[in-house]
Amino acid sequence: PSARRFPYSGRRLRRFGSVMFPALRSVTLLRSALVARASVARAASSSALPEDRENNAPQRCGLLAVKKGMSQVWDYWGVRLPVTVLEVLDCQVTQVKTKETDGYTALQIGGGPRKLKRTTKPMRGHFWNAGVDPKRWLREFRVSEDAILPVGTELSAMHFVSGQLVDVAANSIGKGFAGTMKRHNFSGQGASHGVSKTHRMLGSIGACQDPGRVWKGKKMSGRLGNKRVTTQVKEEVGHECGGKGRDA
């Protein structure tokens, strides 16, 4: 139904840039509750049904995408679904690895445009041999032998279908040095009744004379975010096609 199409409004276009979304050739929408921002988001392909993974279904390659923001769509029954907008930039196969030459089967996928002057000479030769333009990112996907694609194959959002389940991996948003209440959801100390200047402090971190030390792995203050995060079994709810030069 038409209600499932991506609801771009004028306000949202201004928020993300009035040129960005109309110029896209493909945009993939994924249901997600993960608060993650990827400089490169690896969308690993999976089977359309969870039980297919146990039936030795072909293992296909994934895509390289950039998170552009969050939006919402409505299903057939009018239920609002939060979605993540991922943009794929010039995704192509740059190298094929086989068991005969490398000992395993995999596809090297390149994505994102890169200026020639910013590409090293060894990588220029690598891209020239593959017959593709210089890429900003290179990632490798293990695939089955019946899922090998020729070098130079272009990948877009049509690589997935609506309703297919995918795994998404990316770097979470870095939040800097955080305390225990924000980092580990500690409740903190009491708000009154004798508590003085320690309302958000950690509390005791050690034991008595035995063992006389702080156990390794103790939840304490530290850097929050900017770690590799993988969310599994996310459903693709649709994709749209637009201008030239960008895939998703």
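As a reminder, the structure under discussion sits directly above these lines.
Residues numbered from 1 in each chain as written. Predicted model: local features only at pLDDT ≥ 70, side-chain atom pairs only at ≥ 80, totals over all residues. Heavy atoms only, no water.

Peer 1: Teacher, can you tell me more about the sheet that holds strand β5 (residues 91-97) here?
Peer 2: Paired through their backbone hydrogen bonds, the strands of a sheet run either parallel or antiparallel. If you walk across this open sheet you meet the four strands as β7-β6-β5-β8, and the pairing is antiparallel. Each edge of the sheet is formed by a strand with only one pairing partner; in this case those strands are β7 (135-142) and β8 (154-155). In terms of strand pairing, β5 meets β8 through two bridges, oriented antiparallel. Looking at β8, one finds that Gln92 is bridged to Glu154. Sitting on the sheet, helix α3 (residues 121-130) touches β5, β6 (106-113) and β7, and the angle it makes with β5 is about 95°. (Pairing = 2+ DSSP bridges. Helix = DSSP H or I, 4+ residues; strand = E, 2+ residues; numbered from the N terminus. Contact = heavy atoms within 4.5 Å. Axes fitted to C-alpha atoms, helices over the stretch in contact; angles between N-to-C directions.)

Peer 1: Can you walk me through the side chain of Thr119 in this structure?
Peer 2: Tracing the backbone through its elements, the reader meets Thr119 in the loop between β6 and α3. Judged by its relative accessible area of 5%, Thr119 is buried. Within the structure, the side chain of Thr119 is placed 2.9 Å from the backbone oxygen of Lys115, a separation counted as a polar contact. Once you skip the residues sitting within four places of it in the chain, Thr119 turns out to touch Arg114, Arg124, Phe127 and Pro134. (Buried < 20%, exposed > 50% of the residue type's maximum accessible area, 1.4 Å probe, protein only. Polar contact = N/O pair within 3.5 Å; in protein donor to acceptor, adjacent residues only side chain to side chain.)

Peer 1: Just checking my understanding: could you explain unusual backbone geometry for this structure?
Peer 2: Both trends apply: most residues other than glycine have a negative phi, and most peptide bonds are in trans. A cis geometry characterises the amide bond from Asp210 onward to Pro211, with omega recorded as 15°. Inspection of the secondary structure puts Pro211 in the loop between α4 (180-183) and β11 (222-224). Phi at Val233 takes a positive value of approximately 55°, unusual for a residue other than glycine.

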